[in-house]
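The primary structure of each chain is shown beneath.
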Amino acid sequence: IEEVLWVEESVPMKLLNDTTNWTIQTYIPDDTKIWDKGIRGEGQIVGIGDSGLDHDMCYFRDLTGAPIGPAHRKVEGYTPYVDDYDGNMGHGTHVAGTVAGDQTPVTGLGTANGMAPKAKLFMQDLSPGESNYVYPPSDLGELFITTYYAGARIHTNSWGGGGNWYESFGRSTDQFM
């Protein structure tokens, strides 16, 4: 038929984020060498600067009802850094899940848990409302110091401006270090 330009097999789509565990650890399917050595983030707090966190999602929910803070199962702290905070949680929740999500105590499942499922999180919300932009302080040391005092020695930021050069954020990170 002349009007047909392309024909291909229809393949069902499935979610793939649950493969990040072995992809990051060894890039060998189902080989989780780091986890097999018992390393799952115990005793660690990870700071995250992003668009917020849905702390009631199964990967972060505390079944005891403990408030966010040191007694909470997953969320050590939460700081909104923008004046018109409205709880945009999409990207930040995804990032937090990849880093340290742990649904096992809530659902009994271990699939799609984050790389360090036993670590805790300190979320710093940098995004106003439903914006796709983040607004970190111009001196990133102001961001890092809050999580550092809470015990975090790792901080992740899944955002950037698209450039590949040394600029003020790189400089302020170096100064903080």
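Just so we're clear, the structure is a prediction, and the values are computed from it rather than from any experiment. (Residues numbered from 1 in each chain as written. Predicted model: local features only at pLDDT ≥ 70, side-chain atom pairs only at ≥ 80, totals over all residues. Heavy atoms only, no water.)

**Looking at the pairing of strand S3 (residues 120-125)**
Logical step 1: With six of its six residues buried, S3 lies for the most part within the structure.
Logical step 2: What you see with S3 is no split at all: Lys120, Phe122 and Gln124 on one side and Leu121, Met123 and Asp125 on the other are buried throughout.
Logical step 3: Direction of pairing for strand S1 (residues 45-50) relative to S3: parallel, over a ladder of six bridges. Residue pairing for S3: Ile48 is matched across the bridge by Met123.
Logical step 4: With five bridges connecting them, strand S2 (residues 75-80) and S3 associate as parallel partners. What sits directly across from Val75, in S3, is Leu121. (Buried < 20%, exposed > 50% of the residue type's maximum accessible area, 1.4 Å probe, protein only. Helix = DSSP H or I, 4+ residues; strand = E, 2+ residues; numbered from the N terminus. Pairing = 2+ DSSP bridges.)

**A short note on the pattern of salt bridges**
Logical step 1: Applying the stated criterion to the full structure yields four salt bridges.
Logical step 2: For Glu76, the salt bridge goes to Lys120, with nearest N and O atoms at 3.2 Å. Placement of Glu76 in strand S2 and of Lys120 in strand S3 is noted, with a sequence separation of 44 residues between them. Grouping residues by exposure puts Glu76 and Lys120 together as buried.
Logical step 3: Where Lys118 meets Asp102, a salt bridge forms, and the shortest distance between an N and an O atom there is 3.1 Å. A residue pair is termed long-range when its members are at least 10 positions apart, and Lys118 in the loop between helix H4 (104-107) and S3 and Asp102 in the loop between helix H3 (90-100) and H4 qualify at 16 residues.
Logical step 4: For Asp102, a relative accessible area of 3% corresponds to the buried category.
Logical step 5: Through salt bridges with shared partners, a single ionic network connects Arg73, Asp102 and Lys118. (Salt bridge = Lys/Arg side-chain N within 4 Å of Asp/Glu carboxyl O.)

**Digging into helix H5 (residues 140-149)**
Logical step 1: Those residues of H5 that sit buried are Leu140, Gly141, Leu143, Phe144 and Thr147. Seen end-on, H5 carries its buried residues on one side only, within an arc spanning 155 degrees.
Logical step 2: Its buried side turned inward, H5 meets S1, S3, strand S4 (154-156) and helix H6 (168-176).
Logical step 3: Between the side-chain oxygen at the start of H5 and the backbone nitrogen of Gly141 there is a gap of 2.9 Å, and the oxygen is on Asp139. (Arc of directions from axis to C-beta. Contact = heavy atoms within 4.5 Å. Polar contact = N/O pair within 3.5 Å; in protein donor to acceptor, adjacent residues only side chain to side chain.)

**Overview of the packing of aromatic side chains**
For any pair of aromatic rings, the description consists of the separation of the ring centres together with the inter-plane angle of the planes.
Logical step 1: By the definition in use, this model includes six aromatic pairs.
Logical step 2: Every member of this aromatic cluster is reached through a ring pair, and the members are Phe144, Tyr148, Tyr149 and Phe176.
Logical step 3: Just above the ring of Tyr148 sits the side chain of Arg153; from NZ or CZ to the centre is 3.7 Å. (Phe/Tyr/Trp six-rings, centres within 6.5 Å; stacked < 30°, edge-to-face > 60°. Lys NZ or Arg CZ within 6 Å of the ring centre and 35° of its normal.)

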